[in-house]
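# Breakdown of the fold
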Amino acid sequence: CYRDSGKLQESVPLLEEAVAIQRSCNTSRHQRVALAIRHLSEACVLLDETDKAMELATEAMDIANVSLPSSDSDLAGYMNTLGACYRSQGEYDNAISWYDMSRQLLTFIQSSHSRDLDLSIS
């Protein structure tokens, strides 16, 4: 992993290339495009490129919102990425809001799965 090896800056061009490849292979609103953008955003957060990270995370979330079902647990990851962006900008209330939305979604999904399991056992 580039982050662990201290070569995070070197990963950015590769992540940018991944975004370009996903955009060329898929529609612009495809979940693979969103995931590639999210990974680039997360690298930017770690490199303190907070404005770029926020722009990318917002775009990724927008795409994820239209390409994934509203109860997809992957959405929680996008919410956490936005929370990390807000945290890196010192906007802690917004960060907490995104982290809490992620928690709420995962709690909802977990309770839905529990209800489904209860119904299958009955």
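Attention in this report is confined to the structure presented alongside it. (Residues numbered from 1 in each chain as written. Predicted model: local features only at pLDDT ≥ 70, side-chain atom pairs only at ≥ 80, totals over all residues. Heavy atoms only, no water.)

On to the state of the cysteines, then. As enumerated under the stated definition, the model contains 0 disulfides in all. Unpaired in this structure, C44 has its nearest cysteine sulfur neighbour in C85, at a distance of 8.5 Å. (Disulfide = S-S within 2.5 Å.)

Time to look at the packing of aromatic side chains. Overall, the coordinates contain 0 aromatic pairs when judged by the stated rule. Taking the ring centre of Y78 as reference, the NZ or CZ of R38 above it sits at 5.0 Å. (Phe/Tyr/Trp six-rings, centres within 6.5 Å; stacked < 30°, edge-to-face > 60°. Lys NZ or Arg CZ within 6 Å of the ring centre and 35° of its normal.)

Further remarks concern the environment of L15. Tracing the backbone shows L15 in helix 2 (residues 8-25). For the pair L15 and A43, spaced 28 residues apart in sequence, the C-alpha separation works out to 8.6 Å. Non-local contacts of L15, meaning those with residues more than four positions away in its chain, are made with H39, L40 and A43. (Helix = DSSP H or I, 4+ residues; strand = E, 2+ residues; numbered from the N terminus. Contact = heavy atoms within 4.5 Å.)

As a further point, take the nonpolar core. Counting 33 residues, the largest nonpolar core has I37, L40, M61, Y78 and L82 as its most contacted members. For this core, the elements supplying multiple residues, two or more each, are helix 2, helix 3 (31-46), helix 4 (50-67), helix 5 (74-88) and helix 6 (92-121). If we ignore the near neighbours within four places in the chain, the residues touching L82 are M54, A57, T58, M61 and W98. (Core = buried A, V, L, I, M, F, W, Y, C linked by side-chain atoms within 4.5 Å. Buried < 20%, exposed > 50% of the residue type's maximum accessible area, 1.4 Å probe, protein only.)

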